[in-house]
Amino acid sequence: MPKPYRIFLIDDDRFLLDMYAVKFKAAGHDVTAFTLLLGHSDPDGVHRCCSPSDVRDARAVADKLGIAHYIWDYKDLFNEKVMIPFIEGYASGITPNPCGLCNRTVRFGAVLDRALRLGFDALATGHYARVESGGLYRAIDPHKDQSYFLSRIRPEAISHLIFPLAHLTKQRVRQIAA
């Protein structure tokens, strides 16, 4: 990865955000953290992706590291491109993959496009998958591999993606966290 990169960092896991934001900053990259609002909430205390508690956690990590943190609201697009097709598909007897739809149309579609227009070079997330030689491959940890959920991403988007957990097992991530 050439230096310095402007890295657009998305993650709703406080530890992972902390871990690789520090790594990218130490390598001389300009890092900005983003939290996506996709319409989920946790008023009942049950943790869900992109919840208000995730926003608070990401903001706290960004403040600690001295990096900017922004919140982007993609609830309407998520509903249109992911939730409605999921509900319609399920009602018609198919088993849709909402993560695949979100990754293609929202996270690595509209969000990545916006980040690139704003001058970012790459988007980093905590997905377990590898990007090598312009292709998407399975993660080292077969139990955590998420390449299937990323398989519908536009091919031209792949060169802008960084998956820092690609070469780590979940056990190693837990060791680093301890």
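Up top is the structure these notes are about.
Fair warning: this is a prediction, and the values are worked out from it, not measured in the lab.

Comments concerning the sheet that holds strand 2 (residues 30-37)
(1) Moving on: An order of 3-2-1-4-7 is seen for the five strands of this open sheet, with the pairing classed as parallel. Because the sheet does not close on itself, it has two edges, and the strands there are strand 3 (69-73) and strand 7 (161-162).
(2) Moving on: Note: strand 1 (residues 6-10) against strand 4 (residues 122-124), three bridges, orientation parallel. Each residue of the ladder has a partner; that of isoleucine 7, found in strand 4, is alanine 122.

Overview of the pattern of salt bridges
(1) Moving on: Under the definition given, this model contains seven salt bridges.
(2) Moving on: Residues aspartate 30 and arginine 6 are paired through a salt bridge, measuring 3.3 Å at the closest nitrogen-oxygen approach. Remark: arginine 6 occurs in strand 1 and aspartate 30 occurs in strand 2; sequence separation between them is 24 residues.
(3) Moving on: The class of aspartate 30 is partly exposed, set by a relative accessible area of 37%.

A look at the packing of aromatic side chains
(1) Moving on: Scanning the entire structure with this criterion turns up eleven aromatic pairs.
(2) Moving on: When the ring of phenylalanine 108 is compared with that of phenylalanine 163, the centres are 6.2 Å apart and the planes differ by 90°; the resulting orientation is edge-to-face. Of the two residues, phenylalanine 108 sits in helix 4 (residues 98-117) while phenylalanine 163 sits in the loop between strand 7 and helix 7 (170-177), which places them 55 residues apart along the sequence. The same class applies to phenylalanine 108 and to phenylalanine 163, which are both buried.
(3) Moving on: Within the aromatic cluster, the residues linked to one another by ring pairs are Phe8, Phe34, Tyr70, Trp72, Tyr74 and Phe120.
(4) Moving on: The ring of phenylalanine 120 carries arginine 6 above its face, with NZ or CZ at 4.1 Å from the centroid.
(5) Moving on: The ring of tryptophan 72 carries arginine 114 above its face, with NZ or CZ at 3.8 Å from the centroid.

A look at the side chain of histidine 69
(1) Moving on: Its location among the elements puts histidine 69 in strand 3.
(2) Moving on: One polar contact links histidine 69 to threonine 35, side chain to side chain, over a distance of 2.7 Å.
(3) Moving on: In contact with histidine 69, not counting residues within four places along its chain, are Ala33, Phe34, Thr35, Val55, Ala58, Arg59 and Ala62.

Details of the pairing of strand 1
(1) Moving on: Strand 1 sits mainly inside the fold: four of its five residues count as buried.
(2) Moving on: Bridge count for strand 1 against strand 2 is five bridges, and the pairing is parallel. Bridge pairing links isoleucine 7 to valine 31 in strand 2.

So, helix 2 (residues 52-65)
(1) Moving on: The end-to-end C-alpha separation of helix 2 is 20 Å, in line with the 20 Å expected for 14 residues at 1.5 Å each.
(2) Moving on: Buried within helix 2 we find Ser53, Asp54, Val55, Ala58, Val61, Ala62 and Leu65.
(3) Moving on: Glycine 66 lies just past helix 2 and shows a positive phi near 75°.

Reading guide: rules and limits
Residues numbered from 1 in each chain as written. Predicted model: local features only at pLDDT ≥ 70, side-chain atom pairs only at ≥ 80, totals over all residues. Heavy atoms only, no water. Pairing = 2+ DSSP bridges. Helix = DSSP H or I, 4+ residues; strand = E, 2+ residues; numbered from the N terminus. Salt bridge = Lys/Arg side-chain N within 4 Å of Asp/Glu carboxyl O. Buried < 20%, exposed > 50% of the residue type's maximum accessible area, 1.4 Å probe, protein only. Phe/Tyr/Trp six-rings, centres within 6.5 Å; stacked < 30°, edge-to-face > 60°. Lys NZ or Arg CZ within 6 Å of the ring centre and 35° of its normal. Polar contact = N/O pair within 3.5 Å; in protein donor to acceptor, adjacent residues only side chain to side chain. Contact = heavy atoms within 4.5 Å. Expected span 1.5 Å × (residues − 1).

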